[in-house]
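Tertiary structure, described
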Amino acid sequence: MELIIILVVAYLLGSIPSGLWVGKLFYKIDIREHGSGNLGGTNTFRILGKKAGLFVTTLDILKGSAATLLPLLPYFSETAVHPLILGMMAVVGHMFPIFAQFKGGKAVATSGGVVLGVNLPLFILVLVSFFIALKLTKMVSLSSMIVAVIGFIYSLIYYFQTGDFYLLIAIGLFGAFIFYRHQSNIARIKAGTEPKVKWI
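These figures come from a predicted structure and were not determined experimentally.

1. As for the overall build of the protein
Within the protein, the regular secondary structure consists of 10 helices and 0 strands. The order of α-helices and β-strands along the protein, N terminus first, is α-α-α-α-α-α-α-α-α-α. Against the 2.2 N^0.38 benchmark of 16 Å for 200 residues, the protein shows a C-alpha radius of gyration of 17 Å, consistent with a compact globule. Relative to its 200 residues, the protein shows a buried fraction of 44%. In the protein, the proportion of contacts linking residues at least 24 apart, taken out of those at least 6 apart, comes to 64%. Summed over its atoms, the accessible surface of the protein is roughly 10,500 Å², and 72% of this surface lies on carbon and sulfur atoms. Here the protein carries 16 positive and 7 negative side-chain charges, and the mean point of each set is 17 Å from the other.

See below:
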């Protein structure tokens, strides 16, 4: 029973639609009706501005980290579940949130939060890589996909060094989610119509 509960809690954490709630509560705007219609940080930046975008992105990261840390709570301390499985549930919740008609974000920030919760060096690597890629390409979507590839390469090397199969599988799945959720962006990149950021 504890296993089922902790998996559900992880999913519910991921399901928190930060962009939707911040937009409605502080700006009286449903960001699903503007821009790309996505609930993630990128659309929040675009519609609500830098402060809201940074706040929402931070929340999306933290809910992924929080899911991996659930076993530290006394109630779940004896529950035999790998933190990355909980992180995966949070990412699924972020993409398909029960609190937002199962239409959520693109898995980038929350996946990063999961990585932060289990492997700090990898988180630092993907964070730095993201901003370097963003500086060069000016496209959040392309930078996110580049980071997904870099993360998988790291996890593959890490697997051969440590045998950490869970990290390899999790990062591989996160990457697959990110590429799948960015199909429309890939089409726009090919067509040369993908929006570019101007602040970096």
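2. A look at the packing of helix α7 (residues 120-137) against helix α8 (residues 140-162)
For the pair α7 and α8, interaxial distance at closest approach is 8 Å and the crossing angle is 145°. In this structure, the crossing between α7 and α8 has a hand that is right-handed. Contacts from Pro 121, Leu 122, Leu 125, Val 126, Ser 129, Phe 130, Ala 133, Leu 134 and Thr 137 in α7 reach Val 140, Leu 142, Ser 143, Ser 144, Ile 146, Val 147, Ile 150, Gly 151 and Tyr 154 in α8. Tallied by class, the residues present in the contact of α7 with α8 amount to 13 nonpolar, 5 polar and no charged.

3. Remarks on α7
Between its first and last C-alpha, α7 extends 25 Å over 18 residues, near the 26 Å set by a 1.5 Å rise per residue. Leu 122, Phe 123, Val 126, Ser 129, Phe 130, Ala 133, Leu 134 and Thr 137 are the residues of α7 that are buried. Down the axis of α7, the smallest arc covering the buried residues is 135°, so these residues share one side. Turned more than 90 degrees away from the buried face of α7 sit Pro 121 and Leu 136, all of them exposed. Lining the buried residues of α7 we find α6 (108-118), α8 and α9 (165-181). For α7, the N-terminal cap is Asn 119; the gap from its side-chain oxygen to the backbone nitrogen of Leu 122 is 3.0 Å. A positive backbone phi angle near 65° is found at Lys 138, which sits one or two residues after α7.

4. A look at the packing of helix α4 (residues 50-68) against helix α5 (residues 83-95)
Packing of α4 against α5 brings their axes to within 7 Å, and their N-to-C directions diverge by 145°. Considering how the two elements wind past one another, α4 and α5 form a crossing that is right-handed. The residues of α5 that touch α4, namely those facing Asp 60, Lys 63, Gly 64, Ala 67 and Thr 68, are Pro 83, Leu 86, Gly 87, Ala 90 and His 94. Its residues assigned to classes, the contact of α4 with α5 comprises 4 nonpolar, 4 polar and 2 charged.

5. A look at the pattern of salt bridges
The full count for this structure, using the stated rule, is 3 salt bridges. A salt bridge links Asp 30 to Arg 32; the nearest nitrogen and oxygen atoms lie 2.8 Å apart. Asp 30 gets classed as buried once you look at its relative accessible area, which sits at 12%. Arg 32 sits in the partly exposed class, given a relative accessible area of 28%. Between Arg 188 and Glu 194 there is a salt bridge; the shortest N-O distance is 2.8 Å.

6. Some points on the packing of aromatic side chains
To describe a pair of aromatic rings, you give the distance between the ring centres and the angle between the ring planes. Within the structure shown, the criterion is met by 6 aromatic pairs. Ring geometry for Tyr 154 versus Tyr 158: centroids 5.8 Å apart, planes at 15°, classification stacked. Placement of the pair is Tyr 154 and Tyr 158 together in helix α8, with a separation of 4 residues, close to one helical turn. Overall, the relative accessible area of 24% leaves Tyr 158 in the partly exposed class. Among the aromatic residues, those joined into a ring-pair cluster are Tyr 159, Phe 160 and Phe 165. Over the ring of Phe 96 we find Arg 181; its NZ or CZ atom is 5.2 Å from the centre of that ring.

So, how was this worked out
- Residues numbered from 1 in each chain as written.
- Predicted model: local features only at pLDDT ≥ 70, side-chain atom pairs only at ≥ 80, totals over all residues.
- Heavy atoms only, no water.
- Helix = DSSP H or I, 4+ residues; strand = E, 2+ residues; numbered from the N terminus.
- Rg over C-alpha atoms; globule rule 2.2 N^0.38 Å.
- Buried < 20%, exposed > 50% of the residue type's maximum accessible area, 1.4 Å probe, protein only.
- Contact = heavy atoms within 4.5 Å.
- Areas by Shrake-Rupley, 256 points an atom, 1.4 Å probe, with all protein chains shown as cover.
- Lys, Arg positive; Asp, Glu negative; His and termini not counted.
- Charge placed at Lys NZ, Arg CZ, Asp CG, Glu CD.
- Axes fitted to C-alpha atoms, helices over the stretch in contact; angles between N-to-C directions.
- Left-handed = near helix turned anticlockwise from the far one by under 90°.
- Nonpolar A, V, L, I, M, F, W, Y, C, P; charged D, E, K, R; others polar.
- Expected span 1.5 Å × (residues − 1).
- Arc of directions from axis to C-beta.
- Polar contact = N/O pair within 3.5 Å; in protein donor to acceptor, adjacent residues only side chain to side chain.
- Salt bridge = Lys/Arg side-chain N within 4 Å of Asp/Glu carboxyl O.
- Phe/Tyr/Trp six-rings, centres within 6.5 Å; stacked < 30°, edge-to-face > 60°.
- Lys NZ or Arg CZ within 6 Å of the ring centre and 35° of its normal.

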